[in-house]
Protein chains: 2
Amino acid sequence: MHLDVAVAKTRKYATPESGDTVEMIERPGGGLSFVVVDGQRSGKSAKVISNIVARKALTLLAEGIRDGAAARAAHDYLYTHRSGKVSATLNIVSVDLESRTLVLSRNNHCPAIVSLNGELRIFDEPSQPVGVQRGTKPIIHELPLVPGTTVVIFTDGLTSAGERKGQPLNVPELVRELIGRQLAAADFAQTLLHEALIADDQRPADDISILVLTISALDQNDDTRWLKVSMPL
Amino acid sequence: MHLDVAVAKTRKYATPESGDTVEMIERPGGGLSFVVVDGQRSGKSAKVISNIVARKALTLLAEGIRDGAAARAAHDYLYTHRSGKVSATLNIVSVDLESRTLVLSRNNHCPAIVSLNGELRIFDEPSQPVGVQRGTKPIIHELPLVPGTTVVIFTDGLTSAGERKGQPLNVPELVRELIGRQLAAADFAQTLLHEALIADDQRPADDISILVLTISALDQNDDTRWLKVSMPL
(Lines give C-alpha, C1' and ligand atoms only; values in the text may rest on other atoms or scores of the structure.)
Protein backbone atom coordinates (compact mmCIF):
# COMPACT_ATOMS: atom_id res chain seq x y z
CA MET A 1 0.00 0.00 0.00
CA HIS A 2 1.05 3.58 -0.46
CA LEU A 3 0.18 6.65 1.59
CA ASP A 4 -0.02 10.14 0.12
CA VAL A 5 -0.93 13.23 2.08
CA ALA A 6 -1.19 16.76 0.71
CA VAL A 7 -1.88 19.87 2.73
CA ALA A 8 -2.70 23.23 1.13
CA LYS A 9 -2.84 26.29 3.33
CA THR A 10 -3.64 29.83 2.35
CA ARG A 11 -4.53 32.93 4.31
CA LYS A 12 -7.39 35.37 4.50
CA TYR A 13 -6.98 38.10 1.92
CA ALA A 14 -4.97 41.11 3.10
CA THR A 15 -3.90 39.59 6.43
CA PRO A 16 -0.20 39.25 7.15
CA GLU A 17 -0.39 35.62 8.17
CA SER A 18 -2.69 32.63 8.38
CA GLY A 19 -4.25 31.89 11.76
CA ASP A 20 -4.24 28.18 10.93
CA THR A 21 -1.40 25.87 11.92
CA VAL A 22 -0.75 22.48 10.35
CA GLU A 23 2.00 20.27 11.69
CA MET A 24 3.15 16.71 11.13
CA ILE A 25 5.04 14.34 13.39
CA GLU A 26 6.29 10.78 13.16
CA ARG A 27 4.60 8.50 15.69
CA PRO A 28 7.18 6.75 17.86
CA GLY A 29 5.37 3.43 17.39
CA GLY A 30 5.33 3.92 13.62
CA GLY A 31 3.26 6.04 11.28
CA LEU A 32 2.45 9.73 11.09
CA SER A 33 0.11 12.21 12.74
CA PHE A 34 -1.13 15.47 11.27
CA VAL A 35 -2.52 18.24 13.45
CA VAL A 36 -4.74 20.92 11.87
CA VAL A 37 -5.69 23.89 14.04
CA ASP A 38 -7.73 27.01 13.30
CA GLY A 39 -7.30 29.69 15.96
CA GLN A 40 -10.20 32.00 16.82
CA ARG A 41 -10.39 35.11 14.61
CA SER A 42 -7.58 35.72 12.12
CA GLY A 43 -4.08 37.14 11.76
CA LYS A 44 -1.44 37.31 14.45
CA SER A 45 -3.65 36.62 17.50
CA ALA A 46 -5.23 33.57 15.83
CA LYS A 47 -1.77 32.31 14.86
CA VAL A 48 -0.53 32.47 18.46
CA ILE A 49 -3.53 30.41 19.58
CA SER A 50 -3.31 27.81 16.82
CA ASN A 51 0.41 27.52 17.39
CA ILE A 52 0.14 26.67 21.08
CA VAL A 53 -2.71 24.20 20.52
CA ALA A 54 -0.85 22.47 17.68
CA ARG A 55 2.39 22.41 19.64
CA LYS A 56 0.77 20.87 22.71
CA ALA A 57 -0.94 18.13 20.68
CA LEU A 58 2.18 17.49 18.60
CA THR A 59 4.53 17.27 21.57
CA LEU A 60 2.32 14.67 23.23
CA LEU A 61 1.82 12.64 20.06
CA ALA A 62 5.60 12.62 19.61
CA GLU A 63 5.89 10.98 23.02
CA GLY A 64 3.53 8.19 22.03
CA ILE A 65 0.47 9.56 23.80
CA ARG A 66 -2.79 8.42 22.21
CA ASP A 67 -4.69 10.87 20.00
CA GLY A 68 -7.72 11.23 22.26
CA ALA A 69 -5.55 12.13 25.23
CA ALA A 70 -3.48 14.56 23.14
CA ALA A 71 -6.66 16.33 21.97
CA ARG A 72 -8.00 16.51 25.54
CA ALA A 73 -4.68 17.87 26.77
CA ALA A 74 -4.57 20.49 24.02
CA HIS A 75 -8.04 21.59 25.10
CA ASP A 76 -7.19 21.68 28.81
CA TYR A 77 -4.02 23.60 28.11
CA LEU A 78 -5.73 26.31 26.09
CA TYR A 79 -8.69 26.40 28.49
CA THR A 80 -6.39 26.85 31.49
CA HIS A 81 -4.05 29.40 29.95
CA ARG A 82 -6.74 31.56 28.38
CA SER A 83 -9.36 31.06 31.10
CA GLY A 84 -11.83 29.49 28.69
CA LYS A 85 -12.08 32.66 26.63
CA VAL A 86 -10.40 31.63 23.40
CA SER A 87 -11.36 28.80 21.07
CA ALA A 88 -9.66 26.85 18.32
CA THR A 89 -10.73 23.96 16.13
CA LEU A 90 -8.49 20.91 16.23
CA ASN A 91 -8.30 17.91 13.92
CA ILE A 92 -5.80 15.12 14.36
CA VAL A 93 -5.35 12.63 11.53
CA SER A 94 -3.15 9.67 12.35
CA VAL A 95 -1.84 6.80 10.31
CA ASP A 96 -1.10 4.44 13.17
CA LEU A 97 1.13 1.58 12.06
CA GLU A 98 0.96 -0.09 15.47
CA SER A 99 -2.80 -0.62 15.37
CA ARG A 100 -2.86 -0.49 11.54
CA THR A 101 -5.68 2.03 11.72
CA LEU A 102 -6.49 5.51 10.57
CA VAL A 103 -7.52 7.61 13.56
CA LEU A 104 -9.59 10.76 12.98
CA SER A 105 -9.96 12.99 15.98
CA ARG A 106 -12.22 16.03 15.56
CA ASN A 107 -12.93 19.16 17.59
CA ASN A 108 -14.35 21.11 14.69
CA HIS A 109 -17.84 21.94 13.46
CA CYS A 110 -16.57 21.21 9.94
CA PRO A 111 -17.13 17.59 8.97
CA ALA A 112 -14.39 15.08 8.22
CA ILE A 113 -15.10 13.30 4.95
CA VAL A 114 -13.96 9.76 4.24
CA SER A 115 -14.40 7.78 1.08
CA LEU A 116 -13.78 4.06 0.96
CA ASN A 117 -13.85 2.70 -2.58
CA GLY A 118 -16.13 5.51 -3.68
CA GLU A 119 -18.58 5.23 -0.78
CA LEU A 120 -18.71 8.55 1.04
CA ARG A 121 -19.02 8.88 4.81
CA ILE A 122 -19.46 12.30 6.35
CA PHE A 123 -18.48 12.53 10.00
CA ASP A 124 -20.43 15.56 11.17
CA GLU A 125 -21.58 14.66 14.67
CA PRO A 126 -21.90 17.76 16.90
CA SER A 127 -18.39 18.64 18.01
CA GLN A 128 -16.97 21.40 20.21
CA PRO A 129 -13.87 23.43 19.51
CA VAL A 130 -11.12 23.28 22.13
CA GLY A 131 -10.52 26.01 24.69
CA VAL A 132 -13.93 27.20 25.82
CA GLN A 133 -16.00 24.53 27.47
CA ARG A 134 -14.67 22.58 30.44
CA GLY A 135 -14.16 18.87 29.76
CA THR A 136 -14.32 19.11 25.96
CA LYS A 137 -13.61 15.81 24.23
CA PRO A 138 -12.84 15.00 20.61
CA ILE A 139 -15.10 12.91 18.39
CA ILE A 140 -12.95 9.96 17.32
CA HIS A 141 -13.34 7.52 14.45
CA GLU A 142 -10.97 4.66 13.92
CA LEU A 143 -10.92 3.08 10.48
CA PRO A 144 -8.94 0.20 9.02
CA LEU A 145 -5.90 1.11 6.96
CA VAL A 146 -7.04 -0.17 3.58
CA PRO A 147 -6.44 0.77 -0.05
CA GLY A 148 -9.12 2.85 -1.75
CA THR A 149 -9.38 5.22 1.21
CA THR A 150 -9.50 9.01 0.85
CA VAL A 151 -9.78 11.36 3.84
CA VAL A 152 -10.56 15.07 3.49
CA ILE A 153 -10.15 17.42 6.46
CA PHE A 154 -10.45 21.21 6.35
CA THR A 155 -10.88 24.38 8.34
CA ASP A 156 -14.02 26.50 7.98
CA GLY A 157 -12.45 28.87 5.47
CA LEU A 158 -13.29 26.16 2.91
CA THR A 159 -16.97 25.76 3.84
CA SER A 160 -17.46 29.52 4.15
CA ALA A 161 -15.89 30.29 0.77
CA GLY A 162 -18.51 32.02 -1.36
CA GLU A 163 -20.66 33.02 1.61
CA ARG A 164 -19.98 36.69 0.90
CA LYS A 165 -21.88 36.23 -2.35
CA GLY A 166 -24.53 34.04 -0.75
CA GLN A 167 -23.21 30.99 -2.59
CA PRO A 168 -21.21 28.96 -0.10
CA LEU A 169 -19.22 26.05 -1.44
CA ASN A 170 -20.99 22.70 -1.04
CA VAL A 171 -17.90 20.85 0.13
CA PRO A 172 -19.37 17.32 0.54
CA GLU A 173 -20.86 17.56 -2.96
CA LEU A 174 -17.58 18.78 -4.39
CA VAL A 175 -15.66 16.01 -2.62
CA ARG A 176 -18.13 13.44 -3.96
CA GLU A 177 -17.48 14.65 -7.48
CA LEU A 178 -13.70 14.68 -7.05
CA ILE A 179 -13.64 11.17 -5.57
CA GLY A 180 -15.03 9.93 -8.88
CA ARG A 181 -12.05 11.42 -10.71
CA GLN A 182 -9.52 9.37 -8.72
CA LEU A 183 -7.13 12.27 -8.28
CA ALA A 184 -3.80 12.11 -6.52
CA ALA A 185 -3.89 13.68 -3.04
CA ALA A 186 -2.11 16.87 -4.16
CA ASP A 187 -4.38 17.36 -7.18
CA PHE A 188 -7.40 16.72 -4.98
CA ALA A 189 -6.36 19.40 -2.49
CA GLN A 190 -5.38 21.77 -5.30
CA THR A 191 -8.81 21.42 -6.93
CA LEU A 192 -10.66 22.02 -3.65
CA LEU A 193 -8.56 25.11 -2.99
CA HIS A 194 -9.05 26.31 -6.56
CA GLU A 195 -12.84 26.05 -6.20
CA ALA A 196 -12.73 27.92 -2.88
CA LEU A 197 -10.66 30.72 -4.40
CA ILE A 198 -13.09 31.02 -7.31
CA ALA A 199 -16.01 31.19 -4.84
CA ASP A 200 -14.16 33.93 -2.93
CA ASP A 201 -13.11 35.83 -6.10
CA GLN A 202 -9.43 35.03 -5.35
CA ARG A 203 -9.72 36.96 -2.07
CA PRO A 204 -10.23 34.35 0.66
CA ALA A 205 -12.66 35.63 3.31
CA ASP A 206 -10.93 33.41 5.89
CA ASP A 207 -7.81 31.29 6.31
CA ILE A 208 -8.19 27.98 4.46
CA SER A 209 -6.39 24.73 5.25
CA ILE A 210 -7.14 21.51 3.40
CA LEU A 211 -5.67 18.07 4.10
CA VAL A 212 -6.22 15.19 1.69
CA LEU A 213 -4.96 11.72 2.53
CA THR A 214 -5.12 8.77 0.16
CA ILE A 215 -4.20 5.13 0.62
CA SER A 216 -3.69 3.25 -2.61
CA ALA A 217 -2.97 -0.38 -3.36
CA LEU A 218 -0.05 0.67 -5.51
CA ASP A 219 3.14 -0.98 -4.34
CA GLN A 220 5.93 0.85 -6.10
CA ASN A 221 8.54 -1.54 -4.76
CA ASP A 222 10.27 1.51 -3.41
CA ASP A 223 11.04 2.07 0.26
CA THR A 224 11.63 5.79 -0.12
CA ARG A 225 9.64 8.23 1.97
CA TRP A 226 9.21 11.73 0.64
CA LEU A 227 8.48 15.03 2.31
CA LYS A 228 8.05 18.11 0.15
CA VAL A 229 7.40 21.62 1.35
CA SER A 230 6.77 24.69 -0.74
CA MET A 231 5.98 28.23 0.42
CA PRO A 232 6.37 31.85 -0.59
CA LEU A 233 8.92 33.78 1.49
CA MET B 1 11.01 34.57 -3.20
CA HIS B 2 9.93 30.97 -3.00
CA LEU B 3 11.12 28.18 -0.72
CA ASP B 4 11.13 24.53 -1.72
CA VAL B 5 12.36 21.72 0.46
CA ALA B 6 12.44 18.04 -0.44
CA VAL B 7 13.47 15.22 1.85
CA ALA B 8 14.07 11.67 0.60
CA LYS B 9 14.58 8.94 3.14
CA THR B 10 15.27 5.28 2.54
CA ARG B 11 16.47 2.47 4.74
CA LYS B 12 19.34 0.06 4.80
CA TYR B 13 18.57 -2.99 2.71
CA ALA B 14 16.80 -5.80 4.59
CA THR B 15 16.24 -3.85 7.80
CA PRO B 16 12.69 -3.37 9.05
CA GLU B 17 13.01 0.38 9.51
CA SER B 18 15.30 3.33 8.95
CA GLY B 19 17.34 4.50 11.93
CA ASP B 20 17.16 8.06 10.61
CA THR B 21 14.49 10.50 11.71
CA VAL B 22 13.57 13.66 9.82
CA GLU B 23 11.03 16.07 11.26
CA MET B 24 9.77 19.53 10.42
CA ILE B 25 8.22 22.21 12.60
CA GLU B 26 6.92 25.71 12.09
CA ARG B 27 8.97 28.30 14.01
CA PRO B 28 6.73 30.35 16.30
CA GLY B 29 8.42 33.55 15.12
CA GLY B 30 7.87 32.57 11.47
CA GLY B 31 9.59 30.12 9.16
CA LEU B 32 10.39 26.43 9.34
CA SER B 33 12.97 24.17 10.92
CA PHE B 34 14.00 20.73 9.73
CA VAL B 35 15.74 18.26 12.00
CA VAL B 36 17.72 15.37 10.47
CA VAL B 37 19.03 12.70 12.86
CA ASP B 38 20.95 9.49 12.23
CA GLY B 39 20.97 7.20 15.26
CA GLN B 40 23.99 5.00 15.96
CA ARG B 41 23.87 1.62 14.19
CA SER B 42 20.72 0.71 12.26
CA GLY B 43 17.23 -0.69 12.65
CA LYS B 44 15.03 -0.50 15.73
CA SER B 45 17.67 0.59 18.26
CA ALA B 46 18.94 3.37 15.98
CA LYS B 47 15.38 4.53 15.40
CA VAL B 48 14.71 4.85 19.13
CA ILE B 49 17.82 7.03 19.49
CA SER B 50 17.15 9.23 16.47
CA ASN B 51 13.56 9.63 17.57
CA ILE B 52 14.39 10.96 21.02
CA VAL B 53 17.09 13.31 19.71
CA ALA B 54 14.80 14.67 16.98
CA ARG B 55 11.89 15.01 19.39
CA LYS B 56 13.95 16.94 21.95
CA ALA B 57 15.29 19.36 19.33
CA LEU B 58 11.89 19.74 17.70
CA THR B 59 10.02 20.39 20.93
CA LEU B 60 12.44 23.15 21.87
CA LEU B 61 12.42 24.76 18.41
CA ALA B 62 8.61 24.75 18.55
CA GLU B 63 8.84 26.84 21.71
CA GLY B 64 11.00 29.45 20.00
CA ILE B 65 14.31 28.28 21.44
CA ARG B 66 17.27 29.17 19.21
CA ASP B 67 18.83 26.43 17.09
CA GLY B 68 22.18 26.34 18.90
CA ALA B 69 20.50 25.88 22.26
CA ALA B 70 18.16 23.21 20.85
CA ALA B 71 21.14 21.26 19.46
CA ARG B 72 23.02 21.54 22.76
CA ALA B 73 19.93 20.41 24.65
CA ALA B 74 19.42 17.43 22.33
CA HIS B 75 23.03 16.45 23.01
CA ASP B 76 22.77 16.88 26.78
CA TYR B 77 19.53 14.92 26.84
CA LEU B 78 20.95 11.94 24.96
CA TYR B 79 24.24 12.14 26.87
CA THR B 80 22.44 12.13 30.21
CA HIS B 81 19.92 9.42 29.42
CA ARG B 82 22.35 7.04 27.76
CA SER B 83 25.36 7.86 29.95
CA GLY B 84 27.41 9.06 26.98
CA LYS B 85 27.37 5.62 25.38
CA VAL B 86 25.21 6.25 22.34
CA SER B 87 25.77 8.73 19.52
CA ALA B 88 23.65 10.29 16.82
CA THR B 89 24.33 12.87 14.14
CA LEU B 90 22.10 15.92 14.17
CA ASN B 91 21.52 18.58 11.54
CA ILE B 92 19.09 21.44 11.98
CA VAL B 93 18.20 23.54 8.95
CA SER B 94 16.11 26.60 9.70
CA VAL B 95 14.47 29.18 7.52
CA ASP B 96 14.15 31.92 10.11
CA LEU B 97 11.76 34.62 8.98
CA GLU B 98 12.44 36.75 12.08
CA SER B 99 16.15 37.21 11.32
CA ARG B 100 15.60 36.57 7.58
CA THR B 101 18.43 34.05 7.66
CA LEU B 102 19.10 30.45 6.86
CA VAL B 103 20.60 28.75 9.92
CA LEU B 104 22.58 25.53 9.45
CA SER B 105 23.45 23.71 12.64
CA ARG B 106 25.64 20.64 12.28
CA ASN B 107 26.70 17.79 14.58
CA ASN B 108 27.67 15.47 11.79
CA HIS B 109 30.93 14.45 10.14
CA CYS B 110 29.14 14.70 6.81
CA PRO B 111 29.49 18.15 5.29
CA ALA B 112 26.65 20.56 4.63
CA ILE B 113 26.82 21.88 1.09
CA VAL B 114 25.54 25.30 0.10
CA SER B 115 25.46 26.84 -3.33
CA LEU B 116 24.80 30.54 -3.85
CA ASN B 117 24.32 31.41 -7.51
CA GLY B 118 26.44 28.46 -8.57
CA GLU B 119 29.29 29.08 -6.12
CA LEU B 120 29.74 26.03 -3.92
CA ARG B 121 30.62 26.19 -0.24
CA ILE B 122 31.34 23.02 1.66
CA PHE B 123 30.93 23.28 5.41
CA ASP B 124 33.07 20.42 6.65
CA GLU B 125 34.74 21.78 9.79
CA PRO B 126 35.41 19.00 12.35
CA SER B 127 32.13 18.31 14.09
CA GLN B 128 31.10 15.90 16.82
CA PRO B 129 27.94 13.82 16.88
CA VAL B 130 25.64 14.34 19.84
CA GLY B 131 25.46 11.99 22.83
CA VAL B 132 29.02 10.92 23.56
CA GLN B 133 31.29 13.78 24.52
CA ARG B 134 30.42 16.13 27.36
CA GLY B 135 29.78 19.72 26.29
CA THR B 136 29.35 18.96 22.58
CA LYS B 137 28.32 22.01 20.53
CA PRO B 138 27.02 22.33 17.00
CA ILE B 139 28.89 24.07 14.19
CA ILE B 140 26.56 26.86 13.08
CA HIS B 141 26.48 28.89 9.88
CA GLU B 142 24.02 31.69 9.34
CA LEU B 143 23.43 32.81 5.79
CA PRO B 144 21.21 35.48 4.28
CA LEU B 145 17.91 34.34 2.85
CA VAL B 146 18.50 35.13 -0.81
CA PRO B 147 17.37 33.72 -4.14
CA GLY B 148 19.78 31.42 -5.94
CA THR B 149 20.50 29.45 -2.75
CA THR B 150 20.61 25.65 -2.62
CA VAL B 151 21.37 23.71 0.57
CA VAL B 152 22.12 19.98 0.59
CA ILE B 153 22.21 18.06 3.88
CA PHE B 154 22.52 14.30 4.24
CA THR B 155 23.28 11.41 6.55
CA ASP B 156 26.34 9.23 6.00
CA GLY B 157 24.44 6.57 4.10
CA LEU B 158 24.84 8.88 1.11
CA THR B 159 28.60 9.38 1.38
CA SER B 160 29.18 5.69 2.11
CA ALA B 161 27.12 4.49 -0.86
CA GLY B 162 29.39 2.47 -3.12
CA GLU B 163 31.99 1.84 -0.39
CA ARG B 164 31.23 -1.89 -0.50
CA LYS B 165 32.60 -1.88 -4.03
CA GLY B 166 35.46 0.47 -3.17
CA GLN B 167 33.82 3.26 -5.17
CA PRO B 168 32.22 5.62 -2.69
CA LEU B 169 30.02 8.35 -4.09
CA ASN B 170 31.80 11.70 -4.42
CA VAL B 171 28.91 13.73 -3.04
CA PRO B 172 30.40 17.26 -3.36
CA GLU B 173 31.34 16.54 -6.98
CA LEU B 174 27.88 15.18 -7.71
CA VAL B 175 26.23 18.18 -6.06
CA ARG B 176 28.42 20.53 -8.08
CA GLU B 177 27.27 18.84 -11.27
CA LEU B 178 23.60 18.92 -10.25
CA ILE B 179 23.73 22.60 -9.27
CA GLY B 180 24.57 23.37 -12.87
CA ARG B 181 21.37 21.68 -14.00
CA GLN B 182 19.15 24.01 -11.94
CA LEU B 183 16.90 21.22 -10.78
CA ALA B 184 13.87 21.65 -8.56
CA ALA B 185 14.51 20.55 -4.95
CA ALA B 186 12.61 17.26 -5.35
CA ASP B 187 14.39 16.36 -8.59
CA PHE B 188 17.72 17.24 -7.00
CA ALA B 189 17.10 14.94 -4.03
CA GLN B 190 15.71 12.23 -6.32
CA THR B 191 18.84 12.32 -8.48
CA LEU B 192 21.19 12.14 -5.48
CA LEU B 193 19.24 9.18 -4.10
CA HIS B 194 19.19 7.52 -7.50
CA GLU B 195 22.98 7.77 -7.77
CA ALA B 196 23.40 6.37 -4.26
CA LEU B 197 21.15 3.42 -5.05
CA ILE B 198 23.10 2.70 -8.23
CA ALA B 199 26.37 2.84 -6.25
CA ASP B 200 24.88 0.41 -3.72
CA ASP B 201 23.37 -1.88 -6.40
CA GLN B 202 19.85 -0.94 -5.19
CA ARG B 203 20.66 -2.43 -1.77
CA PRO B 204 21.55 0.52 0.47
CA ALA B 205 24.38 -0.42 2.86
CA ASP B 206 23.04 2.14 5.36
CA ASP B 207 20.00 4.32 5.97
CA ILE B 208 20.06 7.34 3.65
CA SER B 209 18.38 10.70 4.26
CA ILE B 210 18.80 13.63 1.90
CA LEU B 211 17.41 17.14 2.35
CA VAL B 212 17.56 19.67 -0.47
CA LEU B 213 16.40 23.24 0.08
CA THR B 214 16.17 25.84 -2.65
CA ILE B 215 15.30 29.52 -2.55
CA SER B 216 14.28 30.96 -5.89
CA ALA B 217 13.41 34.47 -6.98
CA LEU B 218 10.20 33.18 -8.49
CA ASP B 219 7.22 35.01 -7.07
CA GLN B 220 4.20 32.97 -8.10
CA ASN B 221 1.81 35.56 -6.71
CA ASP B 222 0.32 32.72 -4.72
CA ASP B 223 0.14 32.67 -0.94
CA THR B 224 -0.45 28.94 -0.73
CA ARG B 225 1.86 26.78 1.32
CA TRP B 226 2.10 23.12 0.42
CA LEU B 227 3.12 20.07 2.40
CA LYS B 228 3.25 16.72 0.62
CA VAL B 229 4.11 13.39 2.16
CA SER B 230 4.45 10.06 0.42
CA MET B 231 5.44 6.71 1.92
CA PRO B 232 4.94 2.99 1.47
CA LEU B 233 2.77 1.38 4.17
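The notes below deal with the structure included here. (Residues numbered from 1 in each chain as written. Chains lettered and ligands numbered in written order. Predicted model: local features only at pLDDT ≥ 70, side-chain atom pairs only at ≥ 80, totals over all residues. Heavy atoms only, no water.)

Residues and elements named next belong to chain A. Relative to the assigned elements, Asn107 resides in strand E5 (residues 101-107). Of the residues examined, Asn107 reaches a relative accessible area of 1% and is grouped as buried. Note: C-alpha distance between Asn107 and Gln128 (21 residues apart in sequence) is 5.3 Å. From its side chain, Asn107 meets the backbone oxygen of Lys137 in a polar contact 3.1 Å long. (Helix = DSSP H or I, 4+ residues; strand = E, 2+ residues; numbered from the N terminus. Buried < 20%, exposed > 50% of the residue type's maximum accessible area, 1.4 Å probe, protein only. Polar contact = N/O pair within 3.5 Å; in protein donor to acceptor, adjacent residues only side chain to side chain.)

Residue and element names in this part refer to chain B. The element strand E3 (residues 31-39) is largely enclosed, with a buried count of nine among its nine residues. On E3, burial covers both faces: Gly31, Ser33, Val35, Val37 and Gly39 on one face and Leu32, Phe34, Val36 and Asp38 on the other are all buried. Judged from the seven bridges that link them, strand E2 (residues 20-26) and E3 form a sheet pairing that is antiparallel. Bridge pairing in E3 places Val22 opposite Val36. As consecutive antiparallel partners, E2 and E3 are separated by four residues, and within that stretch Gly30 has a phi angle of approximately 110 degrees, a positive value. (Pairing = 2+ DSSP bridges.)

Before going further, it helps to spend a moment on the relation of the copies chain A and chain B. At an RMSD of 0.0 Å, chain A and chain B line up after a rotation of 180 degrees and a shift of 0.0 Å along the axis. Expressed as a symmetry operation, the mapping of one chain copy onto the other fits a two-fold axis. No C-alpha of chain A lies nearer the rotation axis than that of A:Lys228, which sits 2.5 Å from it. A share of 100% of the interface residues of chain A reappears at the interface of chain B, consistent with the copies meeting face to face through the same patch. (Least-squares fit on C-alpha atoms with pLDDT ≥ 70 in both. Contact = heavy atoms within 4.5 Å.)

All right, on to helix H5 (residues 185-199) of chain A then. Here H5(A) is 15 residues long and its end C-alpha atoms lie 21 Å apart, about the 21 Å a rise of 1.5 Å per residue gives. Along H5(A), the positions that sit buried rather than exposed are A:Ala185, A:Phe188, A:Ala189, A:Thr191, A:Leu192, A:Leu193, A:Ala196, A:Leu197 and A:Ala199. Where H5(A) is buried, its residues meet strand E1 (2-10), strand E9 (149-154), helix H3 (156-159), helix H4 (171-180) and strand E10 (208-216) of chain A together with strand E11 (225-232) of chain B. Positive phi shows up at A:Asp201, right after H5(A), with a value of about 50 degrees. (Expected span 1.5 Å × (residues − 1).)

The next subject is the interface of chain A and chain B. With 47 residues of chain A at the interface, the matching set in chain B holds 47 residues. Of the roughly 4,900 Å² buried between chain A and chain B, counting both surfaces, carbon and sulfur atoms make up 56%. Considering only the side of chain A, the residues that lose the most area to chain B are A:Trp226, A:Met231 and A:Leu233, jointly responsible for 18% of the buried surface there. Along the contact surface separating chain A from chain B lie four salt bridges. Note that A:Asp223 is salt-bridged to B:Arg11, the shortest N-O span being 3.4 Å. Summed over the shared surface of chain A and chain B, the result is 23 residue pairs in polar contact (both at pLDDT 80 or more). (Buried area = accessible area lost by both parts, 1.4 Å probe. Salt bridge = Lys/Arg side-chain N within 4 Å of Asp/Glu carboxyl O.)

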